[in-house]
Amino acid sequence: MRTATPRRYLMCPPAHFRVTYSINPWMDPTKPVDPALALFQWEDLRDRYRALGHTVELLDAVEDLPDMVFAANGATVVDGKVLGARFANPEREAEAPAHLAWFRSNGFPDPREPVHINEAEGDFAVTATWILAGQGFRSSPLSHSEAQEFFGRPVIGLELTDPRYYHLDTALAVLDDARDEIMYYPGAFSPGSRAVLARLFPDALLATAQDAAALGLNAVSDGRNVLLPRTATGLLGPLRDRGFEPVPVDMSELHKAGGSVKCCTMELRPAVD
């Protein structure tokens, strides 16, 4: 039987969320965003985490940083150690110091400012055995060795080839970190990376193109409950077949910027005793 593990998450409300520029194929500044609906959907996600027994910490939004709601991009936390982000696009650069300031004020000693470009949990997915690391559109492959040295965990580089899936967390989700269990969309990866994933995760749940396009891989799991976009209906049955409990949520306004459940959620993984 699947068991949920209590988690601690960091989220940032969409107080200034809008789409005024385009840095991925999902973003279209000509399509208006409904700020009230975006806030309602974000609050629903936050409340669902809390109802499931998880802790949600809040990071204050900063004016003129509309993508700061996507808190997963601000840092990676493994074993209580914090590796900050360095953004590829100038529109998001100022988010990185805002995240590091939060960590310094909230009991995380010596968060590391990175040398190389990495967009944190956008491109780093953590399991018990590995850190899976995306590259090709945002994060530099040089960030992979930097993360490996800092966290002392093996990092597996994966090449993303479809610009719609510009971050690893749009193409792959960790379902059970303790068991190294994932789901992913093969079409987002290079042939070599698909072969690596098939070798490391032969029993992974494979998403269809339709569910990937619904951002169904931009999901968060506590080992039992899997929160994912409600439009990714093709994943519901396969998840239940594996003993998970899908929790569909409406994140349609956040989708306008190319983000969903995982993009809005950074996991604060505690230090190992």
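Everything numeric in this text was worked out from a predicted model, so none of it was measured.

Trainee: Looking at this structure, I do not really get the overall build of the protein. What am I missing?
Mentor: If you tally the helices and strands in the protein, you get seven helices and 14 strands. Against the globule reference of 19 Å for 273 residues, the protein gives a C-alpha radius of gyration of 17 Å, in line with a compact fold. Projected onto the principal axes, the alpha-carbon positions of the protein cover approximately 45 × 40 × 35 Å. Out of the 273 residues belonging to the protein, those deemed buried represent 56%. In the protein, 70% of the contacts between residues at least 6 apart in sequence involve partners at least 24 apart. With an accessible surface of roughly 11000 Å², the protein has 52% of that area assigned to carbon and sulfur atoms.

Trainee: Sorry if this is basic, but what is going on with the pairing of strand E3 (residues 75-78) here?
Mentor: On any regular strand, side chains alternate: one points to one face of the sheet, the next to the other face. Of the two faces of E3, the one holding Ala 75 and Val 77 and the one holding Thr 76 and Val 78 are both buried throughout. Note: E3 against strand E4 (residues 81-84), four bridges, orientation antiparallel. If you follow Thr 76 over to E4, its bridge partner there is Leu 83. Between E3 and E4, which follow one another and run antiparallel, lie two residues, and Asp 79 among them has a positive phi close to 55 degrees.

Trainee: Help me out: how do you make sense of the packing of aromatic side chains in this one?
Mentor: Within a pair of aromatic rings, the relevant descriptors are the distance that separates the centres and the angle that separates the planes. Applying the stated criterion across every chain, the model contains nine aromatic pairs. Consider the rings of Phe 150 and Phe 151, whose centres lie 5.0 Å apart with planes at 65 degrees: the pair is edge-to-face. Using a relative accessible area of 9% as the deciding quantity, one classes Phe 150 as buried. With a centroid separation of 6.1 Å and 80 degrees between ring planes, the pair formed by Tyr 184 and Phe 189 is classed as edge-to-face. Neither residue differs from the other here; Tyr 184 and Phe 189 are each classed as buried.

Trainee: For this particular structure, what's the right way to read the environment of Ser 190?
Mentor: Mapped onto the elements, Ser 190 comes out in the loop between strand E9 (181-184) and helix H4 (191-200). Taking C-alpha positions, Ser 190 is 9.8 Å from Gly 136, a pair spaced 54 residues apart along the chain. Contacts of Ser 190, omitting those with residues within four sequence positions, involve Glu 159 and Thr 161.

Trainee: Would you explain helix H3 (residues 142-151) in this entry?
Mentor: Three- or four-residue spacings in an α-helix give side chains the same orientation, since the helix completes a turn every 3.6 residues. If you check which residues of H3 are buried, you get Ser 143, His 144, Glu 146, Ala 147, Phe 150 and Phe 151. The arc enclosing the buried residues of H3, seen along the axis, measures out at 165 degrees, which places them on a common side. Just downstream of H3 lies Gly 152, where phi reads positive at about 70 degrees.

Trainee: Which parts of the structure should I look at to understand the sheet that holds strand E6 (residues 131-135)?
Mentor: Ordered by their spatial adjacency, three strands build an open sheet running E5-E6-E7, and the pairing between neighbours is mixed. Each edge of the sheet is formed by a strand with only one pairing partner; in this case those strands are strand E5 (124-126) and strand E7 (155-159). Strand-to-strand twist across the sheet, computed as the mean angle between neighbouring axes with direction ignored, equals 25 degrees. The pairing of E5 with E6 spans three bridges and is antiparallel. Paired with Val 126 across the bridge in E6 is Ile 131.

Trainee: Got a minute to help me understand the sheet that holds strand E12 (residues 225-229) in this structure?
Mentor: Sheet strands pair by backbone hydrogen bonding; their relative direction is either parallel or antiparallel. Read from one edge of the open sheet, three strands run E11-E12-E13, paired in mixed fashion. Strand pairing shows two members of the sheet lacking a second neighbour, strand E11 (220-221) and strand E13 (245-249), which therefore form its edges. Across the sheet, helix H1 (residues 35-51) lies against E11, E12 and E13, angled at about 155 degrees from E13, the strand it touches most.

What counts and how
- Residues numbered from 1 in each chain as written.
- Predicted model: local features only at pLDDT ≥ 70, side-chain atom pairs only at ≥ 80, totals over all residues.
- Heavy atoms only, no water.
- Helix = DSSP H or I, 4+ residues; strand = E, 2+ residues; numbered from the N terminus.
- Rg over C-alpha atoms; globule rule 2.2 N^0.38 Å.
- Buried < 20%, exposed > 50% of the residue type's maximum accessible area, 1.4 Å probe, protein only.
- Contact = heavy atoms within 4.5 Å.
- Areas by Shrake-Rupley, 256 points an atom, 1.4 Å probe, with all protein chains shown as cover.
- Pairing = 2+ DSSP bridges.
- Phe/Tyr/Trp six-rings, centres within 6.5 Å; stacked < 30°, edge-to-face > 60°.
- Arc of directions from axis to C-beta.
- Axes fitted to C-alpha atoms, helices over the stretch in contact; angles between N-to-C directions.

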